[in-house]
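Breakdown of the fold
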Protein chains: 2
Amino acid sequence: MTQETGPVPSVLDPEHPPPGEQPPDLDHCREIHETLTILGDRWSLIIIGQLRDRRLRFGELQRAASGISQRMLTLTLRRLEREGLIARTAYAAVPPRVEYSLTEVGSALLGPALELGRWADTHLDTIRVSRRHYDERLPE
Amino acid sequence: MTQETGPVPSVLDPEHPPPGEQPPDLDHCREIHETLTILGDRWSLIIIGQLRDRRLRFGELQRAASGISQRMLTLTLRRLEREGLIARTAYAAVPPRVEYSLTEVGSALLGPALELGRWADTHLDTIRVSRRHYDERLPE
DNA sequence: CTGAATCCCGTCTGATACTG
DNA sequence: CAGTATCAGACGGGATTCAG
């Protein structure tokens, strides 16, 4: 997810806007898609996870999130900073030193992320099997 | 998220593969990214939400998920079926009648989705403000 | 060390038209 | 009704190069 092509539709009941009630019901959550737009990319959650318990410098982050390119690290950090999920601290020094840390909002995301992780742990194997079966049935 | 360009890195600690312990720790979850790849697109969660408590026909789904094109509905349903999150039942009749319903795995996703919804409800306003501030500061 | 700029490709998505 | 086929645009992400 990821492209923004029009107005964000409500995830679970696109027809009825959320009435602003307290318990987020599956029927009144226009925001889940917007949330997925925020961290549905390849790197956001990885970065957030790395920053979970300690602030890190740019280079540390790049090494920690193995495989990310300099470009994508920069872009992802900028966006997460813009959304207010991480904080950027630059020290006027030579060589440059920039540290990133989680904000409260960003930290609050760790819980839901864990929920997703549990679901994944429980069902991902089943899903992989399902894919294989599906692919084997079709080409016949 | 969305593109699959290489081996899926662990989300929260890409360097260390998950040792296969029970409590999914933020450090031992290689799967969250794979999960986000599954439902990080624009429509998957919308479809799943619509199927939460009742099976729906193709046309009903398209009307329920306002805005989705026939093409994207088809593609999304196929993928979700392949992952085993939804089940497709076709009735040999004229006119054709196809119904979609959640599988157990798909239903199990509703909980984590609600968690994300709560996070969104709590913090999304803050995030929107943060974006505005960020955009106002920069262009100066 | 921390980034910005550019080029390039694959994918996601929508619009439209056609079919059993 | 429930799709399939084709076209075209937007965006994500990597590689590489340059700069403060």
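Counting of residues starts from 1 at the beginning of each chain's written sequence and follows it residue by residue. Here every chain gets a letter starting at A, and every ligand a number starting at 1, in the order they are written. With the structure being a predicted model, the display of local features is reserved for residues of pLDDT at least 70 and the display and counting of side-chain atom pairs for 80 or more, all residues being used for whole-chain, interface and lining totals. Just so you know, side-chain values use all the structure's heavy atoms and leave hydrogens and water out.

In the annotation of an unreviewed UniProt entry, chain A is listed under the name Helix-turn-helix domain-containing protein and assigned to Streptomyces chisholmiae.

1. Regarding the sheet that holds strand β1 (residues 56–57) of chain A
All names here are of chain A. Taken in spatial order, the three strands make up an open sheet running β1-β3-β2, and their pairing is antiparallel. In this open sheet, the two edge strands, each paired with only one partner strand, are β1 and β2 (86–91). Bridging between β2 and strand β3 (residues 97–102) involves six bridges; their strand directions are antiparallel. Counterpart to A87 in the pairing with β3 is S101. Strands are labelled as partners when DSSP assigns at least two bridges between them. Under the DSSP-based scheme used, a helix requires at least four consecutive residues in state H or I and a strand at least two consecutive residues in state E, with every element numbered from the N terminus.

2. Points about the confidence of the model for chain A
Residue and element names in this part refer to chain A. Averaged over chain A, the pLDDT score is 80; the fraction of residues at 70 or greater is 76%. Note on scores: pLDDT gives the predictor's confidence for each residue, bounded by 0 and 100. Across chain A, element-level confidence peaks in β3 with a mean pLDDT of 98 and bottoms out in helix α1 (residues 31–39) with 79. Across residues 1–11 the pLDDT falls below 50, and counting only partners more than four positions away or on other chains, this stretch makes 37 contacts in the model. Throughout, a contact is declared for two residues whenever any of their heavy atoms are within 4.5 Å. Taken together, the stretch residues 14–29 has pLDDT below 50 and engages in 37 contacts with residues farther than four places along the chain or on a different chain.

3. Focus on the protein's contact with DNA strand C
Nearness is judged by heavy atoms alone; a residue qualifies as near a molecule or strand once a single heavy atom is within 4 Å of it. Near DNA strand C lie 22 residues; those nearest to it are A:G59, A:R88, A:Y100, B:R71 and B:M72. Among the atoms of DNA strand C close to the protein, meaning within 4 Å, 59% are from sugar or phosphate groups. B:R42 is positioned with one of its backbone polar atoms (N or O) 2.8 Å from a phosphate oxygen of DNA strand C. For the surface near DNA strand C, the secondary structure elements donating two or more residues are α3 (58–64), α4 (70–83) and β3 of chain A together with α4 (70–83) of chain B. Here a polar contact is recorded for every N or O atom pair within 3.5 Å, except that within protein the pair must consist of a potential hydrogen donor and a potential acceptor, and residues adjacent in sequence are included only if both atoms are side-chain atoms.

4. Focus on the side chain of A:S44
All names here are of chain A. Relative to the elements of secondary structure, S44 occurs in helix α2 (residues 44–50). Within the structure, the side chain of S44 is placed 3.5 Å from the backbone oxygen of I38, a separation counted as a polar contact. Polar side-chain contacts of S44 include one of 2.4 Å to the side chain of R79. Each residue touching S44, except ones within four places of it in the same chain, is listed here: I38, L39, T76, R79 and L80.

5. Focus: the pairing of β3(A)
Across a regular strand the side chains alternate sides, sitting on one face of the sheet and then on the other. All names here are of chain A. Each residue is placed in one exposure class: buried if its accessible area under a 1.4 Å probe, protein chains only, is under 20% of its type's maximum, exposed if it is over 50%, and partly exposed if it falls in between. The element β3 is largely enclosed, with a buried count of five among its six residues. Here two bridges tie β1 to β3, and the two strands are oriented antiparallel to one another. Note on β3: the bridge partner recorded for R57 is E99.

6. Brief notes about the packing of α4(A) against helix α6 (residues 110–137) of chain B
Running from N to C, α4(A) and α6(B) cross one another at 115°; their axes reach a closest spacing of 6 Å. When the interaxial angle is binned, α4(A) and α6(B) end up roughly perpendicular. The residues of α6(B) that touch α4(A), namely those facing A:R78, A:E81, A:R82 and A:E83, are B:I127, B:S130, B:R131, B:Y134 and B:D135. In the contact of α4(A) with α6(B), the residues fall into two nonpolar, one polar and six charged. Between N-to-C directions, angles cover 0 to 180 degrees, with each direction set by a line fitted to C-alpha atoms, over the stretch in contact for helices. Convention used here: angles under 35 degrees read as roughly parallel, angles over 145 as roughly antiparallel, angles from 65 to 115 as roughly perpendicular, and any remaining angle as oblique. Residue polarity is assigned by list, with Asp, Glu, Lys and Arg as charged and Ala, Val, Leu, Ile, Met, Phe, Trp, Tyr, Cys and Pro as nonpolar; anything else, Gly included, falls into the polar class.

7. Some points on unusual backbone geometry
In this structure, A:P95 follows A:V94 across a cis peptide bond, with omega equal to 0°. Within the secondary structure layout, A:P95 lies in the loop between β2 and β3.

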